[in-house]
Amino acid sequence: NIQIHWVEYAPEFPDKWKYVDYESAARNGEPFATLVKHKQYLPNPCARFCTAELKVRTAKRFMLALGFEHWESILGLRALSLLYVLSQKGC
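Residues numbered from 1 in each chain as written. Predicted model: local features only at pLDDT ≥ 70, side-chain atom pairs only at ≥ 80, totals over all residues. Heavy atoms only, no water.

K.L.:
Lay out the side chain of Thr58 with the relevant residues and their values.
P.N.:
For Thr58, the position within the fold is in helix H2 (residues 50-65). A relative accessible area of 2% means that Thr58 is categorised as buried. Here Thr58 is in contact with Val7, Glu8, Tyr9, Trp17 and Glu53, once residues within four sequence places are set aside. (Helix = DSSP H or I, 4+ residues; strand = E, 2+ residues; numbered from the N terminus. Buried < 20%, exposed > 50% of the residue type's maximum accessible area, 1.4 Å probe, protein only. Contact = heavy atoms within 4.5 Å.)

K.L.:
Describe the pattern of salt bridges, naming the residues involved and giving the relevant values.
P.N.:
If you walk through the whole model with that rule in mind, you get two salt bridges. With a shortest N-O distance of 2.8 Å, Arg57 and Glu53 are connected by a salt bridge. Of the two residues, Arg57 and Glu53 both sit in helix H2, four residues apart, roughly one turn of that helix. Taking relative accessible area as the criterion, Glu53 reaches 8% and is therefore assigned buried. For Arg61, the salt bridge is made with Glu53, and the minimal N-O distance between the two is 3.2 Å. By sharing partners, the salt bridges in this structure join Glu53, Arg57 and Arg61 into a single network. (Salt bridge = Lys/Arg side-chain N within 4 Å of Asp/Glu carboxyl O.)

Structure (structure tokens):
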């Protein structure tokens, strides 16, 4: 039995994340739109902040809020994302 915590990027909350569930989870890109509004620019090949902010840092903030100092995590990326990153060597 694995307990799953579903959280989303939410800069309006003190720790910049909020709990969501199946019914309340964003379905239309709301966390991304909020991030772009907060950053005031779109991600681009030289400034790829989506994965870092929406996934990595949100998960880190969540784990720190639970009191963890060390943890292991796994982040899945599409194979095409890796090919894209490798093609952007000039940034």
